[in-house]
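Residue-level structure breakdown
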Amino acid sequence: MVQTVMAKMDFDLYSFARLLQSINSHQWIQQGRQLHLLFLKRGVLSSALNLGNRLLQMYVRCGQVGDAQTLFDEMSERNCFTWNTMIEGYLKIGSWEKSVKLFDLMPHKNDFSWNLVVSGIVKVGELGIAQRLFNEMPRKNGISWNSMIHGYVKNGHPREAIRLFKELSSDTHQESHGDTFVLATVIRACNDLAALDLGKQIHAQIILNEVKLDSALASTLIKLYGNSGDMDSAISILNMMQDPDDFSLSALISGYANSGRMEDARRIFSIRTNPCVVLWNTLIAGYVANNQAGEAAVLFNKMRKNGIQEDFSTITSVLNMSSSLGMLENCKQMHAHTCKFGVLNDIITVSALVDTYAKCGSPNDACKLFGELEMHDTILLNSIITIYSNCGRIEDARQIFESMPSKSLISWNSIIVGLSQNGCPIEALDLFDKMNKMGLRTDKFSVASVISACASVSSLELGEQVFARATVIGIEFDQIVCTSLIDLYCKCGLVESGRKLFDEMTKSDVVPWNSMLMGYATNGYGVEALDLLSEMRHEGVVPTEITFTGVLSACDHCGLLEEGEKWFSAMKHYYHIYPRIEHYSCMVDLFARVGCLEEAMNLIQEMPFEADANMWSSVLRGCVAHGNKILGKEVAEQIKKLGSEHSGAYVQLSSMFATCGDWEESAKIRNLMKDNRIQKNPAYSWAECYKSTIGDISWRYVSLDSATSFS
């Protein structure tokens with residue numbers, strides 16, 4: 001191409017400059033290099049600065065920054081355009097350090113130079129460097145103010161954005177405080193901080209300065225008022241617009257949804273005869289957020305029938321809908337859909353998909369999907385730590401945590417919770433120790449998780465010291481922290497102390513009630529647990545699966561058969577909660593405990609689960625206690641089928657025969673254990689001493705078996 005053009009024209013610099021301008025992709029780079037070689041042969045680069053700049057710009061456009069740098073170094077003459085082009089080239093390929101270094105070497109900087117480097121550094125999130133450069137600017141202008149304010153908001157620093165806007169507003173020589181883009185950005189910052197009063201002040205300033213509302217500014221104001229529940233102000237702004245755009249309508253729909261006014265949201269949606277995908281997404285998300293997942297499903301189907309192509313936001317909302325309804329099959333369909341349309345590389349969509357699999361009771365599918373991914377972010381990795389922990393794969397969770405390049409507070413909290421829940425409380429405490437030594441911020445979740453770890457090893461002293469830390473940072477009245485402390489007290493046998501804290505704390509949901517119920521249950525306070533349930537219902541708190549686990553467990557421990565049967569029936573027929581295996585386990589144990597062995601066996605036959613070794617062991621204990629040798633043998637056979645490692649079945653069966661005076665059968669069972677090399681599991685206990693420290697908190701735990709002796 002280049003040879004043909006050169007053959008048809010004289011050596012016209014202007015023509016060649018235009019030719020260079022047309023080379024704008026990597027596939028034409030060879031032609032660009034041929035032109036470069038021609039210019040060198042003709043010796044024009046040293047005398048034609050404009051041509052050199054065009055050539056430099058061509059290399060940058062084609063992504064050949066190395067070639068551009070070589071040319072830049074060889075240029076005998078440079079101007080601001082030359083330097084700016086080279087700085088822009090490094091910013092485009094992400095080498096912001098080189099661009100800043102080059103900028104610092106630049107002898108004469110114009111406004112474009114400052115705007116280029118400040119906005120470029122903001123885009124890569126290096127706000128500290130950007131702020132330094134911004135402070136050094138001899139003349140700040142609208143572009144630089146916009147870049148800095150927008151950068152702070154985009155990177156999650158709304159307070160800094162507002163501080164900068166106040167600085168801008170106080171400068172009488174600057175007119176940028178009336179810029180609609182700046183105003184929209186700073187109102188978004190107010191929205192992020194839930195600072196309605198400040199947002200109203202800025203709105204008042206907009207009215208006084210007679211700033212004309214454009215779509216971006218109007219939609220941001222509507223969103224501010226909508227999120228704060230001031231729907232009258234939000235609708236008044238919409239009414240000021242002659243032709244409301246879709247983003248403003250979307251903001252209003254979202255505001256109504258946040259206030260729980262879905263009928264009004266639907267009315268605004270209906271303004272458009274042919275709504276765009278943004279409006280469909282907002283309304284679907286509103287139904288999901290208001291626990292109306294069924295309506296969201298109907299709307300999604302209607303959207304597809306109307307021929308509207310879903311996007312990333314639609315898929316995310318539908319996945320949230322699926323998790324709310326527990327629709328695993330729908331989740332799998334959306335997974336196939338994302339693969340078909342090639343959106344599986346979107347990190348937000350993938351994160352929602354992983355989360356939905358986990359919430360639909362299919363964590364293995366979530367783990368499998370994660371294993372197939374090539375890209376991750378901190379949010380996704382935090383989710384998978386929790387999922388691995390819930391699956392009992394704590395080593396995998398720990399490996400993910402250790403390999404994370406950037407750990408957030410949620411990352412630390414997730415692994416601490418996971419370790420605590422998977423029988424690794426000492427490791428959780430060690431990690432909290434490390435977290436404190438690194439000077440990382442702790443929050444209510446960190447403290448609550450560590451108190452739970454202390455409860456796992458029944459360390460009252462250490463738990464109370466961690467709670468003292470909560471008092472220092474001002475979260476001692478937080479419900480999550482108080483609930484974990486109730487659990488600690490109850491696991492240490494201090495049920496009265498737990499109840500005292502329970503009575504004093506503010507209870508916003510069912511969680512503290514469940515914690516206190518479980519505390520009563522595990523300590524054998526059956527009557528108190530039932531009284532608490534009555535009090536809970538009187539307060540209008542709706543019981544959950546965990547509530548009934550506590551209630552049935554309390555009835556079981558105290559042998560309250562009539563009450564146990566009553567509440568087992570109520571959870572199914574009155575509260576429409578389907579019993580899980582733990583609920584059946586409590587009832588089987590209760591029947592066996594009071595001698596209703598036939599009822600226990602009938603329940604095992606009726607339930608939709610396979611009985612595990614623990615459930616059969618409950619029946620076997622009942623057989624031992626009530627001398628039913630025939631059923632005891634049958635149950636023992638069932639336990640043996642589950643695996644020879646269940647030594648408890650053999651021990652209990654042997655004890656039953658011994659108690660009944662059948663020493664010969666008892667000896668046979670013992671010999672069978674010996675022949676099959678089945679060993680009785682030794683008992684364990686905790687010994688507590690002090691060694692490691694968290695600030696003023698010290699601990700060290702050692703696990704001791706029953707054979708340990710002290711001199």
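Up top you'll find the structure we're talking about.
The structure reproduced in this document is the subject of the present report. (Residues numbered from 1 in each chain as written. Predicted model: local features only at pLDDT ≥ 70, side-chain atom pairs only at ≥ 80, totals over all residues. Heavy atoms only, no water.)

Some details on the packing of aromatic side chains
- Applying the stated rule across the entire model yields twelve aromatic pairs.
- When the ring of Phe370 is compared with that of Tyr388, the centres are 6.4 Å apart and the planes differ by 90 degrees; the resulting orientation is edge-to-face. Placement of Phe370 in helix α23 (residues 363-372) and of Tyr388 in helix α24 (residues 378-390) is noted, with a sequence separation of 18 residues between them.
- The class of Phe370 is buried, set by a relative accessible area of 7%.
- Its relative accessible area of 7% is what places Tyr388 among the buried residues.
- Ring geometry for Tyr520 and Tyr525: centres 5.8 Å apart, planes at 40 degrees, overall tilted.
- Its relative accessible area of 6% is what places Tyr520 among the buried residues.
- Put simply, the rings of Phe548, Tyr574 and Tyr575 touch in pairs and so form one group of aromatic residues.
- Its end group placed over the ring of Phe401, Lys407 keeps NZ or CZ at 5.1 Å from the ring centre. (Phe/Tyr/Trp six-rings, centres within 6.5 Å; stacked < 30°, edge-to-face > 60°. Helix = DSSP H or I, 4+ residues; strand = E, 2+ residues; numbered from the N terminus. Buried < 20%, exposed > 50% of the residue type's maximum accessible area, 1.4 Å probe, protein only. Lys NZ or Arg CZ within 6 Å of the ring centre and 35° of its normal.)

Describing the nonpolar core
- Counting residues in each nonpolar core, the largest one holds 206 residues, and the members touching the most others are Ile202, Ile415, Trp567 and Val619.
- With near-sequence residues (within four places) excluded, Val619 lies in contact with Val588, Ala592, Leu597, Ala600, Met601, Ile604, Leu631 and Val635. (Core = buried A, V, L, I, M, F, W, Y, C linked by side-chain atoms within 4.5 Å. Contact = heavy atoms within 4.5 Å.)

Things to note about the pattern of salt bridges
- With the rule as written, the count across this model stands at 21 salt bridges.
- Residue Glu395 is joined to Arg398 by a salt bridge in which the shortest nitrogen-to-oxygen separation is 3.0 Å. With a gap of three residues between them, Glu395 and Arg398 both fall in helix α25 (residues 394-403), about one helical turn apart.
- Taking the relative accessible area as the measure of exposure, Arg398 reaches 23% and is therefore partly exposed.
- Note that Arg593 is salt-bridged to Asp589, the shortest N-O span being 3.1 Å. Linking Arg593 with Asp589, this pair stays in helix α36 (residues 581-593), spanning four residues, or about one helical turn.
- Judged by its relative accessible area of 10%, Asp589 falls in the buried class.
- Among the charged side chains, a network of salt bridges with common partners joins Asp556, Asp589, Arg593 and Arg621. (Salt bridge = Lys/Arg side-chain N within 4 Å of Asp/Glu carboxyl O.)

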